[in-house]
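# Structural description and commentary
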Amino acid sequence: MKKISKIFVGLCLGLLLVSCNSYLDLQPITEQTETQFYKTETDAFQALVSVYDVLQWSAPKAQNVPFEVISEQIGDCCYAGGSSANDVPFVVKMSKWQCDVDDPSFQALWYKYYYGIYRANVFLEKVTAIPFESADKKARFIAEAKFLRANYYFDLVRLFGNVPLITKILSSAETQALSQTNPADVYAQIKTDLVDAIAGGLPNRSDIPAVEGGRVSKHAAEALLARVWLFYTGAYEKSDLAGLTKAQITTYIEDVVKNSGASLLPDYADLFKITNENNAESIFEIQYSTKSTWGDWGYREGSEGNQAVILWGIRDPGATSPYASGWSFAPVRASLWNEFDATDTRRSVTLLNTTAEAVTYKAGYQNTGFFNKKFTALKANEPADGSRELNFGNNYPSIRFADVLLMAAELQLESNPANAQDYYSLVVKRAKGSAAVVPTVTKDLLMKERLLELALEGHRYWDLRRQGLNVAKTTIEKENGIVDEEMKKTFDLKYNGLFPIPQYELTLCKQMNQNDGY
Amino acid sequence: MSGGAEKSAYNLSASYFNQEGIYAPGKSNFNRLTLRESTDHVYLNDHLKIGQSLTISLVNKKGIDPNNIFGGPILGALNMDPITPVRNADGTFGESAYVSQEVVNPVAKLDITNSRYKYNRIAANAYAEIMFFKDLKFKSTIASEMFYDESWGYTPIFRLNAATINSVTGTSKSNSNMMALTYENILTYNHEFGKHNVTTMVGNTLKTDEWSNLVGSKQGLIVADPYYAYLDLAKNETSAKVSGGINQHALVSYFGRLNYSYSDKYMFTTTFRADGSTRFGVNNRFGYFPSFSAGWNVSNEKFMENMREIDMLKLRASWGKNGNENIGDWQYLSTISFGARGYTFNDVIYPGASPAKVSNPDVKWEASEQTNIGIDVRFLKKFNASVDYYIKSTTDFLVVVKSSDMNGAPDAFSNAGLIQNKGVEFLFGYNDKRGDLSWNVDFNISFNKNNVVSVGNDEGWISGASVGTAMTNVTRMEVDRPISYFFGYETDGIFQNSAEVLAHTSTDGTVIQPKALPGDFRYNDLNNDGTIDDKDRTMIGNPNPDFTAGLTLGLTWKNISLSAFFSGMYGNDIFNGTRRWDLPMSNYQSNVINRWVGEGTSTTYPRVSTTDINKNFSRPSSFFVEDGSFARLKNLTLGYNITGLQKYLIQNIKVYVAASNLFTLTNYSGLDPEIGSGWVLGTGIDYGVYPQPRTYTIGGSITF
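Since the model is a prediction, treat every value here as computed from it, not as a measurement.

## Side note on the overall build of chain B
When helices and strands are counted, chain B shows three helices and 37 strands. By principal-axis analysis of the C-alpha atoms, chain B measures approximately 85 × 70 × 65 Å. For chain B, with 704 residues in total, the buried portion stands at 29%.

Right under this line is the structure:
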């Protein structure tokens, strides 16, 4: 018995002393870690897709702030709208340039663009060590990420003006120690990224196969660079963009006109059909789809759908109407209807004139009877699955060939008036027919044409702003004398046309300062 | 093993519990069936004991969202305008023309809430204890716990308002199971020599758990009925989604304990444990937690023998450390997420991937260090009392520090700071008896002071919870403040006229609130810079109570017994977030009747307007902070014992009637001052808490 006891004691002590530490060497099984990932071309492509992903965050942090919608609301064409003055109080304040620094919508925009920038930075840092079979493919991926980073910075710096420039992965502490970068340096970085992307491997627009519809081309980068050039030199009253001269940017935009393979669609009405996306006129088009069938209202970033559509849509149009019910945000100023000639085919494509079309609907706040028809919610486009508000598939054509022609005309008004006249004529004649009499192009006519051609596509405010703060103010407030108090628009010069830096970021990042006026 | 035991004991029990929710009959309920069984056997003259136990619980549950400002039906009920009918004349649900966004008809909301949840839990353990000789024992235990969860979701077609519409039916089903295994070995040596008693114990525990799940969802049900909401009856193939994963966690502990006592007068214990967790990186995997305690039973000393009045007197002192690893798995790793990061090219979705969060490879065990001194006394055979003083310091506090969005990814847990709780606890008991009548009184009261000593970042603060979409960072963890204090603006009454607006100036004469109108709040410009902004926010409330107390009263006369239990809290504040202040059209509560409507009408409730230029209702201010002190009769029970039934083999029958939550004394205007929170920085914010019900119970028990 004693002996057995001793053996038992030994055994038990053995059980006690055996080390269990190896049980702690667990690794995630269905989750990948950073060290396991970023190894193959497939990984690189997925990382690149996550950079693209942020393009379609039309409702970051559940805030209704699609770039093209807010751009119209702060400009001269649209009001705030919604169901009532209190539907989304922020939008009403923003549309009158009476913003609160702690409004969550600014944080949402800030978040969106910095998440996009971070993902581009992660991709650009990790991709260097990933082996590719084809060096061209690697160069193309890198160029796409640079284009996207430039795109995010451009929207960010246009909205907020004074933002920190981050071009690599930072620790949390490093981020918090950041201060704002001189806007000139942010624009210089945008220029560098785009010039690199153009030179460094983006394919020609015509070489991108249909299955890759939505991928960035060299010509998209050139067109975006022209847009940045015009905005920066205008808004900041400079003669060049970080050394990029007018002659150089003209060469770039001419390359798009002559070599992109893009052309104007014969019929303006075909531009905004959901069945006709990524068409001959498309230069850079943000892709949306019904296919994610998203339903999570707490994380609207996850949807692949275009959440601007439900904002543009009219309210309760009734069962037999071709229009689907929306939230009636951004109702359009009625006078825009009359700025189009009656012969202009763009008028009835651009504007939903509820009187002319005899549409019944429920009037929302600041109702004018006019809505944006280009992206409005249509029953035919309603997603079959998921929450309908979150899943409309309408793409957003960020850069169209018509815009390219008008930019090219503007850049060559003095250097090559014949070109300018040709490009201007192409746009006007597409709208009014080949028999239309086209006047001799001037800067004013070009600006007017940009308004009519690109109306309600999110460009107008930026076109006003680049002509100077006073032009923006006069244009935005021009109807104040003749409209009701509710419909008055205001543009306070002291804000320089910039949104406030989100208050939360300021309290956290001590080196940053609030924009002037706030 | 079967038979052969010298002594055996067994135990068998079953119980069933069913409760309907108070707000949503049929939509929120809970029922549970529990079966328990255990056996113990002794062999070889007490040298070997073996035993096992098994518990099976079957739980069915239907639920609604409690304390939730966005989805909860209670918030819906509070914020819905009173004009909208619950149902229209044609039987359809009424839809408000005024209130928007998440505030919807609460009855309609409940009608479309159709989630069911069920889990089966099986807990089994077996042990063997070997006594080698009288003083040396070895016990080995294997325990397993298995959870099988199933949940069903059903989404009907509905329209609650313009923002809350669903046009297709859908159903989801998820199964998950968790298997936890614990293996523990303990060797105990106990020896008595003379008046000395020594017990030493060493042991280890290995705990592993593995969780996996499978989730599927599909749309297009052929019948829109929750009873037929199964994936096979949903016919939209393109909408089918499936996902599933697995996760593992392990905890390894080595521990030892040494007890020494002398003559039941002096006692000393020291323990030491090393805990290793997979939740931390290799360098921080183990945390080491020692403790010491000493006791002196003064009443057992010779010099106390003459003090008859004192039955017992004991002094205690202890110091110890405990660990906390409760942060979820893989926080130290930078994981890659593939979820919701895709993009479409030519209308085909391609999955994307990016870091799931900003990783923190240095995250480590949180430790609580507690020092305690105490005294226990019993005297005159009727009274007992205890006093304890403690200091509890939580170091390396584990919390998600919300940092700048410029990080580009969500934040991970980090060890941020040191929180100190200091307090005194008193316990007093009295019981006595006269003839058939006996009574007892037990009273306890705890005073606690919470203070954040340091925060592990440069700012010295971490922001916490938001209320609605407009009031952000309403709570804060900040150095030299109580944790989760309310951070906002101080109101200083209401401007009664324009002259008062113009008179509210900073030292240099700047009018501080030039846009304010009579009826708006006067805010204190704390930094005297002539404007009201974030820099004027300060501590406007503390959700931590000054003290909590409990009182039990008992009275027994012959076979009848009556007992009452009161509990209360004093000095804590509540941030009343039960109205959606960010949606100006939501329903006001009745105190709006006393709002400012003209000079001299109110000094506490501002004017109501649609624009709210002064942000009376969108700035977190002292206006929303209320005293959350309360005293509540938690339980009252009257019982009767029937005896003298031995001849029917019944020892005792007990019948009782009980009532819980009979009354509450409080000045708090919300539904219930007792607000729990799942998150330390969400403490004390009432988002429409599901109130505690008042229940009446009639019951009985029979002992054979």
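## Considerations on the overall build of chain A
Per the secondary structure count, chain A includes 19 helices and five strands. C-alpha extents for chain A along the principal axes are approximately 115 × 50 × 45 Å. The buried share among the 518 residues of chain A stands at 54%.

## As for the sheet that holds strand β14 (residues 335-337) of chain B
The three strands are arranged β1(A)-β14(B)-β17(B) in an open sheet whose pairing can be described as antiparallel. Where the open sheet ends on each side, the last strands, each with one partner, are β1 (32-33) of chain A together with β17 (354-355) of chain B. Of the strand pairs in this sheet, β14 of chain B and β17 of chain B are connected by two bridges, and their pairing is antiparallel. Bridging across to β17 of chain B, Ser-337 of chain B finds its partner in Ser-354 of chain B.

## Quick look at the interface of chain B and chain A
At the junction of the two partners, chain B supplies 66 residues and chain A supplies 76 residues. Looking at which element gives the most residues to the side of chain B that touches chain A, the answer is strand β10 (residues 234-262) of chain B, with eight residues. Looking at the side of chain B that touches chain A residue by residue, the class counts come to 29 nonpolar, 31 polar and six charged. Bridge analysis of β1 of chain A against β14 of chain B gives two bridges, and the strand direction is antiparallel. Across the sheet, Gln-32 of chain A pairs through a bridge with Ile-336 of chain B, a residue of β14 of chain B.

## Some words on the sheet that holds strand β36 (residues 685-686) of chain B
Adjacent strands of a sheet pair through backbone hydrogen bonds, lying either parallel or antiparallel. Judged by pairing direction, the sheet is mixed, and its three strands sit side by side in the order β33-β32-β36 (chain B) without closing on themselves. Of all strands in the sheet, those with a lone pairing partner are β33 (625-627) and β36 of chain B, marking the two edges.

## What about the environment of Ile-142 of chain B?
Residues and elements named next belong to chain B. Within the secondary structure layout, Ile-142 lies in strand β5 (residues 136-155). For Ile-142, a count of 15 C-beta atoms within 10 Å gives the class partly exposed. In sequence terms Ile-142 and Thr-205 are 63 residues apart; their C-alpha atoms lie 9.8 Å from each other. Once residues within four sequence positions are removed from consideration, Ile-142 is found in contact with Asn-125, Ala-126 and Tyr-183.

## Notes on the pairing of strand β22 (residues 418-434) of chain B
Within a regular beta strand, the side chains point alternately toward one face of the sheet and then the other, so they alternate between its two faces. Residues and elements named next belong to chain B. With 12 bridges joining them, strand β19 (residues 383-395) and β22 adopt antiparallel strand pairing. Bridged to Ala-385 within β22 is Phe-428. The sheet contact formed by β22 and strand β23 (residues 437-454) spans 17 bridges and is antiparallel. What sits directly across from Tyr-430, in β23, is Val-441. Remark: two residues form the turn of the hairpin made by β22 and β23, two consecutive strands paired antiparallel; Gly-435 in that turn has positive phi of roughly 60°.

## Overview of unusual backbone geometry
Residues and elements named next belong to chain A. Positive phi, close to 60°, is recorded for Ala-62, a residue that is not glycine. The residue Ala-62 is located in the loop between α2 (41-53) and α3 (67-73) in this model. We note that Gln-366 has phi near 55°; this positive angle belongs to a residue other than glycine. Tracing the sequence through the fold places Gln-366 in the loop between β3 (351-353) and β4 (370-372).

## A closer look at α2 of chain A
Between its first and last C-alpha, α2 of chain A extends 18 Å over 13 residues, near the 18 Å set by a 1.5 Å rise per residue. Among the residues of α2 of chain A, Ala-44, Gln-46, Ala-47, Leu-48, Val-49, Ser-50, Val-51, Tyr-52 and Asp-53 of chain A are the ones counted as buried. Among the structural elements, α5 (104-127) and α6 (135-160) of chain A together with β15 (343-345), β16 (348-350) and β17 of chain B are those in contact with the buried residues of α2 of chain A.

## Considerations on the confidence of the model for chain B
For chain B, per-residue confidence averages 89 on the pLDDT scale, and 96% of positions sit at 70 or higher. Predicted as a complex, the structure gets a pTM of 0.84 and an ipTM equal to 0.94.

## Observations regarding the pairing of strand β3 (residues 48-62) of chain B
Judged from the 15 bridges that link them, strand β2 (residues 29-43) of chain B and β3 of chain B form a sheet pairing that is antiparallel. Within β3 of chain B, the position partnered with Asn-31 of chain B by the bridge is Asn-60 of chain B.

## Observations concerning the environment of Gly-688 of chain B
Residues and elements named next belong to chain B. In this structure, Gly-688 sits in the loop between β36 and β37 (695-703). Take Gly-688: there are 24 C-beta atoms within 10 Å of it, and that puts it in the buried class. C-alpha separation for the pair Gly-688 and Leu-75, spaced 613 residues apart in sequence, amounts to 5.3 Å.

## Here's the deal with the packing of α5 of chain A against α6 of chain A
Residue and element names in this part refer to chain A. Two numbers describe how α5 lies on α6: the axes approach to 9 Å, and their chain directions differ by 155°. When the interaxial angle is binned, α5 and α6 end up roughly antiparallel. Crossing geometry of α5 relative to α6 is assigned as left-handed. Mapping the contact onto sequence places Leu-109, Tyr-113, Gly-116, Ile-117, Ala-120, Phe-123, Leu-124 and Val-127 in α5 and Lys-138, Phe-141, Ile-142, Ala-145, Leu-148, Arg-149, Tyr-152, Tyr-153, Asp-155, Leu-156 and Leu-159 in α6. Grouping the amino acids of the contact of α5 with α6 by side-chain chemistry returns 15 nonpolar, one polar and three charged.

## Some details on the nonpolar core
Core analysis: the largest hydrophobic core is formed by 157 residues, its most contacted members being Leu-194, Ala-221, Ala-223, Leu-224, Ile-253, Val-404 and Leu-405 of chain A. Other than its neighbours up to four places away in sequence, Ala-221 of chain A contacts Phe-147, Leu-194, Ala-197, Ile-198, Leu-202 and Val-216 of chain A. Core analysis: the second largest hydrophobic core is formed by 51 residues, Ile-74, Val-455, Ile-462 and Val-474 of chain B among them.

## Comments concerning the packing of helix α9 (residues 218-235) of chain A against helix α10 (residues 246-259) of chain A
All names here are of chain A. The geometry of α9 relative to α10 is characterised by a closest axis approach of 9 Å and an angle of 140° between their N-to-C directions. Between α9 and α10, the angle falls in the class oblique. In this structure, α9 meets α10 at a crossing whose hand is left-handed. Packed against α9, whose contacting residues are His-219, Glu-222, Ala-223, Leu-225, Ala-226 and Trp-229, the element α10 presents Ile-249, Tyr-252, Ile-253, Asp-255 and Val-256 at the interface. When the residues that make up the contact of α9 with α10 are grouped by side-chain class, the tally is eight nonpolar, one polar and two charged.

Cut-offs applied
Residues numbered from 1 in each chain as written. Chains lettered and ligands numbered in written order. Predicted model: local features only at pLDDT ≥ 70, side-chain atom pairs only at ≥ 80, totals over all residues. Helix = DSSP H or I, 4+ residues; strand = E, 2+ residues; numbered from the N terminus. Buried ≥ 20, exposed ≤ 12 C-beta atoms within 10 Å, placed from the backbone. Pairing = 2+ DSSP bridges. Contact = placed C-beta atoms within 7 Å. Nonpolar A, V, L, I, M, F, W, Y, C, P; charged D, E, K, R; others polar. Expected span 1.5 Å × (residues − 1). pLDDT = per-residue confidence, 0-100. Axes fitted to C-alpha atoms, helices over the stretch in contact; angles between N-to-C directions. Parallel < 35°, antiparallel > 145°, perpendicular 65-115°, else oblique. Left-handed = near helix turned anticlockwise from the far one by under 90°. Core = buried A, V, L, I, M, F, W, Y, C linked by C-beta atoms within 7 Å.

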